[in-house]
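Remarks on the overall topology
What follows is each chain in one-letter form.
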Amino acid sequence: GTVVYGQEASMALHIILPLVIIPMVIIIVSVYLYRRKSQQAEREYEKVKSQLEGLEESVRDRCKREFTDLMIEMEDQTSDVNEAGIPFLDYKTYTDRVFFLPSKDGEKDVMITGKLDIPEARRQTVEQALTQFSNLLNSKSFLINFIHVIEDRKST
C-alpha cells in the first residue's frame with residue numbers, strides 16, 4: 001500500500017496554524033510589554049532612590065550645621081554665665097520685689113528703705129500706729145475678723 005491523505009488534513013492545517021500562531025504572538029507581545037513596564041518602573045525606582053539619597057544627604061548636612069551652631073551658642077552662653085555669674089538677689093531685695101510691686105520711686109520707695117517721708121511733728125504718732133498695726137497683723141483673731149469683714153464688703 002500506498003498512503004492516501006484526504007482533503008481534511010489540509011483544512012486542519014489552516015485551522016491549527018492560526019490557533020498556534022495567534023497565542024504565540026499574544027504571549028510575545030505581552031512579554032515585551034511586561035519587560036518594558038518593568039524597565040520603566042526600575043528607572044523610576046532608581047530616580048526616586050537617588051532623590052531620597054540626595055534628601056538624606058541634605059538633611060545630614062543641615063543637622064551637622066545646626067548642631068555646630070548650637071554647640072557654639074552653648075559655649076557662648078556658658079562663657080557668659082561663667083564670666084558674669086548668675087545674678088542672685090539678697091533675701092530682702094528678692095522678697096521686696098516678689099511681694100511688693102516696684103514703685104515709681106524705685107530705690108527711694110518706703111517699702112525698700114523703711115524710712116517714712118513725713119513731717120517730724122507727726123513721725124512719732126505714725127510710727128506708733130504702724131507698730132500697733134503690725135501687732136494686730138500678728139494676732140490670729142484680728143486676721144480672721146479682718147478677712148471676714150473684707151469678704152463681706154465684696155458682696156455689697
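Residues numbered from 1 in each chain as written. Predicted model: local features only at pLDDT ≥ 70, side-chain atom pairs only at ≥ 80, totals over all residues. Heavy atoms only, no water.

1. Focus on the overall build of the protein chain
Tallying secondary structure elements over the protein chain gives five helices and zero strands in all. Going from the N terminus to the C terminus, the protein chain shows its helices and strands as α-α-α-α-α. Scored against the burial criterion, the 156 residues of the protein chain give a buried share of 2%. For the protein chain, the accessible area works out to roughly 15,100 Å², and carbon and sulfur atoms hold 62% of it. (Helix = DSSP H or I, 4+ residues; strand = E, 2+ residues; numbered from the N terminus. Buried < 20%, exposed > 50% of the residue type's maximum accessible area, 1.4 Å probe, protein only. Areas by Shrake-Rupley, 256 points an atom, 1.4 Å probe, with all protein chains shown as cover.)

2. Some remarks on a negative patch on the surface
On the surface, a cluster of negative charge is made up of Glu 66, Asp 69, Glu 73, Glu 75 and Asp 76. Checked against the element boundaries, Glu 73 lands in helix α1 (residues 7-84). (Patch = residues over 30% accessible without salt bridge, like charges linked within 9 Å, V, L, I, M, F, W, Y side chains within 5 Å. Salt bridge = Lys/Arg side-chain N within 4 Å of Asp/Glu carboxyl O. Lys, Arg positive; Asp, Glu negative; His and termini not counted. Charge placed at Lys NZ, Arg CZ, Asp CG, Glu CD.)

3. Focus on a nonpolar patch on the surface
Judged by side-chain polarity, Leu 13, Ile 16, Leu 17, Val 20, Ile 21, Met 24, Val 25, Val 29, Tyr 32 and Leu 33 come together as a nonpolar surface patch covering roughly 920 Å² of accessible area. With respect to the helices and strands, the residue Ile 16 is situated in helix α1.

4. Focus on the pattern of salt bridges
Applying the stated rule across the entire model yields two salt bridges. Here Glu 57 and Arg 60 are joined by a salt bridge, their closest N and O atoms 2.5 Å apart. Of this pair, Glu 57 and Arg 60 both sit in helix α1, separated by three residues, roughly a single helical turn. For Arg 123, the salt bridge identified is with Glu 120, shortest N-O distance 3.5 Å. In this pair, Arg 123 and Glu 120 both sit in helix α4 (residues 120-137), three residues apart, roughly one turn of the helix.

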